[in-house]
Amino acid sequence: MRFSAFKVVAEALTGHKGWGPLWRNPEPKPEYDYIIIGGGGHGLSTAYYLSNTFRQARIAVLERGWLGQGNIGRNTTIIRSNYLLPGNEPFYELSMKLWEGLEQAFNFNAMVSQRGIVNLIHSDGQRDAYRRRGNAMLLAGADAELLSREQVRGMCPFLNFDNARFPIKGGLMQRRAGTARHDGVAWGYARGADQKGVDLIQNCEVTGFRIENGRVLGVETSRGYIGARKVGVAVAGMSGKVMGMAGMRLPIESHVLQAFVSEGLKPVIPGVITFGAGHFYVSQSDKGGLVFGGDIDGYNSYAQRGNLPVIEDVAESGMALMPMIGRARLLRTWGGIMDMSMDGTPIIDRTPIEGLYLNAGWCYGGFKATPGLGLLLRASAGDRHAA
Ligand SMILES: Cc1cc2nc3c(=O)[nH]c(=O)nc-3n(C[C@H](O)[C@H](O)[C@H](O)COP(=O)(O)OP(=O)(O)OC[C@H]3O[C@@H](n4cnc5c(N)ncnc54)[C@H](O)[C@@H]3O)c2cc1C
């Protein structure tokens, strides 16, 4: 089944009887060449590129719940490549380029919308830092513009420009950044992988590894033992627990990060705005809800729900930046479990256990990395010739 304007019209005229499920629901086989643990964005994109780009077969994704129930379906949907460091910027720019062609590549509407992001500047020192970051972005082939205070005001007149503590002095803009529908991304990758024969196995929790002579042979699951030549772990907030089953202790902590959505409003926010003096960022969904977030909760947790002090903190920052948000009613909040690495740097690598690969430590920034990471996991994690 291919999606096209013609197909939509044809189905509309024939009672929508021709739409099929987006993926099969297969039983696990006794053995695969590749097992990916975690049916989030990273696991699904890895399976997609392994099967579509690297033409590998005999692949399974094992998901303990349903596809997309984790952070991929809980994030605040921002995609961007506005990083400073040489190890980061080219990677996120590669990912950005993949976002730009993603919907055509996997023939699915993921609502990729390059509506731009502005990082607000509140001090002269911050302007210097953002100017440096913008130059690093340009050197890596990304786009960046330094905006004056009046340019920011022209775009977002509702911001509190003369806040006594945090006056807005300008912004760093990346016009190609924006948002994408997070669960649509998971479904698009799942469908694309399934079409190449990848078995997407839901309700299949990995409960242990079978490791002999320093080599992984397969995984124990809630649906029995499954053998594998190579196993990739992409379980985000559960990374510490899952790698603990393989005897590895990770330099990663799990924390809750919350997201917030207001009632639907008329279009007011043109792109993504980040507050440079507090933990707050905001965009507006196509349905009209203000989508915003802030800092992680301050304690370690595996619970996919947040707490009231952080809600208060985010609301305070929102009021400092754009007081009109106080008139909007909050409709929904939820939480996801972040895999916080100590320096904010992710890990995409092989492990000391032969055949076992790890993708973790994305903190609150792994959604934008989904295409790039999926393409590179195989290459970075050992099969370098494949890139
Ligand atoms: C509120 C919030 C806002 C965010 N905003 C942004 C943003 O705007 N931009 C951005 O770039 N990033 C953002 N992020 C971060 C981003 O969502 C994550 O870094 C990224 O989604 C993590 O990768 P993933 O999609 O594979 O994770 P997940 O979707 O969490 O996938 C991991 C999967 O592993 C499964 N799993 C766990 N243990 C097992 C097991 N034992 N057996 C089998 N399966 C298992 C889980 O059920 C889960 O489905 C945000 C995150 C949150 C929570």
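These figures come from a predicted structure and were not determined experimentally.

Draft legend 1. Main features of the domain arrangement of the protein chain. Domain assignment breaks the protein chain into domain 1 (17–77 + 182–251 + 344–386) and domain 2 (117–177 + 253–341). Each of domain 1 and domain 2 has a C-alpha centre, and these two points are 30 Å apart. Across the side of domain 1 that touches domain 2, the residue classes tally to 9 nonpolar, 11 polar and 1 charged.

Draft legend 2. Layout of helix α4 (residues 124–139). Its 16 residues give α4 an end-to-end C-alpha distance of 23 Å, which sits within 8% of 22 Å, the value for a rise of 1.5 Å per residue. Three or more residues of α4 are buried, namely Y130, G134 and M137. On an axial view of α4, the arc spanned by its buried residues comes to 55°, and they lie on one face. α4 presents D124, G125, D128, R132 and L139 as exposed residues on the side facing more than 90 degrees away from its buried surface. Of the surrounding secondary structure, the elements contacted by the buried residues of α4 are α3 (89–106), β4 (117–121), β5 (145–148) and β6 (170–174).

Draft legend 3. Quick peek at the environment of T77. Secondary-structure assignment places T77 in the loop between β2 (59–62) and β3 (78–79). Classification of T77 by C-beta neighbours within 10 Å gives buried; the count is 22. Counting along the chain gives 270 residues from T77 to I347, while the straight-line C-alpha distance between them is 21 Å. Once residues lying within four places of it in the same chain are set aside, the contact partners of T77 are T179, A180, R181, H182, V291 and F367.

Draft legend 4. Layout of the nonpolar core. Counting residues in hydrophobic clusters, the biggest one holds 102 residues, and the most contacted among them are I35, I37, L44, A47, V61 and V233. Among the domains, domain 1 (17–77 + 182–251 + 344–386) and domain 2 (117–177 + 253–341) are the pair contributing at least three residues each to this core. Dropping the residues within four chain positions of it, I35 is found in contact with A60, L62, V219, I226, A228 and V231.

Draft legend 5. Geometry of helix α6 (residues 182–195). Between its first and last C-alpha atoms α6 spans 20 Å; for 14 residues at 1.5 Å apiece the expected length is 20 Å, and the two agree. Looking only at α6, the buried set comprises H182, V185, A186, W187, G188, Y189, A190, R191, G192, A193 and D194.

Draft legend 6. Quick look at the sheet that holds β5. Judged by pairing direction, the sheet is mixed, and its 8 strands sit side by side in the order β5-β6-β4-β13-β14-β15-β12-β16 without closing on themselves. In the strand order of this sheet, the two ends are held by β5 and β16 (330–341), each with one partner. Between one strand and the next, the sheet's axes are offset by a mean angle of 25°, whatever the strand orientation. On top of the sheet, helix α8 (residues 308–321) reaches β12 (252–264), β15 (289–300) and β16; it is set at about 135° to β15, its chief contact.

Rules used in this analysis
Along each chain, residues carry numbers from 1 onward, in the same order as the chain's sequence is written. Note on the predicted model: pLDDT of at least 70 is required for a residue's local features to be given, and 80 or more for side-chain atom pairs to be given and counted; whole-chain, interface and lining totals, by contrast, use all residues. These domain limits were set by an automatic method or by a database of domain assignments. Nonpolar residues are Ala, Val, Leu, Ile, Met, Phe, Trp, Tyr, Cys and Pro. Charged residues are Asp, Glu, Lys and Arg, and all others, Gly as well, are polar. In DSSP terms, a helix is any run of H or I states spanning at least four residues, a strand is any run of E spanning at least two, and both are numbered starting from the N terminus. By definition here, a helix of n residues has an expected span of 1.5 Å times n minus one. Here exposure depends only on C-beta density: within 10 Å of a residue's C-beta, 20 or more other C-beta atoms make it buried, 12 or fewer make it exposed, and intermediate numbers make it partly exposed, the C-beta atoms being placed from the backbone. The arc in question is the one traced by the directions running from the helix axis out to the C-beta atoms. We call two residues in contact when their backbone-placed C-beta atoms lie within 7 Å. Each nonpolar core consists of buried Ala, Val, Leu, Ile, Met, Phe, Trp, Tyr and Cys residues. Their C-beta atoms, within 7 Å, join them into a set. Two strands pair under a simple rule: DSSP has to find at least two bridges between them. A fitted line through C-alpha atoms serves as each axis, taken over the contacting stretch for helices, and the angle formed by two N-to-C directions is quoted from 0 to 180°.

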